[in-house]
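# Analysis of the macromolecular model
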Amino acid sequence: MRATVGDQLHIHSRSVGMTDRKGEITEVRGTDGEPPYLVHFEDGHDGLVYPGPDTVIERQTPPHR
């Protein structure tokens, strides 16, 4: 898994009744875009994330020129 600052991290819920978590990657601490990632979540919390198989990186497309 590789990501860049500004990409969205989407952690899918693994249990009934739990909600998905989404946030923006604010820092990539691994080499060449690899984890761990510092993420600012929608609920206002920041966390260091080592993504698992239930995680998707949603790339942010650069603006068109």
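Notes on the structure follow. All values reported here derive from a predicted model rather than from experimental measurement.

## Description of the side chain of His10
Looking at the secondary structure, you find His10 in strand S1 (residues 8-11). A distance of 2.9 Å separates a polar atom in the side chain of His10 from a polar atom in the side chain of Asp20. In contact with His10, not counting residues within four places along its chain, are Asp20, Arg21, Lys22, Asp54, Thr55, Val56 and Glu58.

## Here we look at the pattern of salt bridges
Counted by the stated rule, this structure contains four salt bridges. Arg2 is paired through a salt bridge with Glu34; the nearest N and O atoms lie 3.2 Å apart. One end of the pair, Arg2, is in the segment before S1; the other, Glu34, is in the loop between strand S2 (21-28) and strand S3 (37-41), and 32 residues separate them in sequence. Overall, the relative accessible area of 31% leaves Glu34 in the partly exposed class. In this structure, the salt-bridge partner of Asp7 is Arg59, at a minimum N-O distance of 3.0 Å. One end of the pair, Asp7, is in the segment before S1; the other, Arg59, is in the segment after strand S5 (55-58), with 52 residues separating them in the sequence.

## Points about the packing of aromatic side chains
Taken as a whole, this structure holds zero aromatic pairs when the rule is applied. Sitting over the ring of Phe41, Arg21 keeps its end group 3.8 Å from the ring centre.

## Describing unusual backbone geometry
Between Pro35 and the following residue, Pro36, the backbone shows a cis peptide bond with an omega angle of 10°. Note that Pro36 resides in the loop between S2 and S3. With a phi close to 55°, Asp32 is a non-glycine residue in the positive phi region. As for its placement among the helices and strands, Asp32 is situated in the loop between S2 and S3.

## Regarding the sheet that holds S5
Strand order in this open sheet of five strands is S4-S3-S2-S1-S5, and the pairing throughout is antiparallel. Each end of this open sheet is capped by a strand with a single partner; those strands are strand S4 (46-49) and S5. On average, each strand axis in the sheet is inclined to that of its neighbour by 35°, with strand direction left out of account. Both S1 and S2 contribute to a ladder of four bridges, which runs antiparallel. Bridged to Ile11 within S2 is Arg21.

Calculation criteria
- Residues numbered from 1 in each chain as written.
- Predicted model: local features only at pLDDT ≥ 70, side-chain atom pairs only at ≥ 80, totals over all residues.
- Heavy atoms only, no water.
- Helix = DSSP H or I, 4+ residues; strand = E, 2+ residues; numbered from the N terminus.
- Polar contact = N/O pair within 3.5 Å; in protein donor to acceptor, adjacent residues only side chain to side chain.
- Contact = heavy atoms within 4.5 Å.
- Salt bridge = Lys/Arg side-chain N within 4 Å of Asp/Glu carboxyl O.
- Buried < 20%, exposed > 50% of the residue type's maximum accessible area, 1.4 Å probe, protein only.
- Phe/Tyr/Trp six-rings, centres within 6.5 Å; stacked < 30°, edge-to-face > 60°.
- Lys NZ or Arg CZ within 6 Å of the ring centre and 35° of its normal.
- Pairing = 2+ DSSP bridges.
- Axes fitted to C-alpha atoms, helices over the stretch in contact; angles between N-to-C directions.

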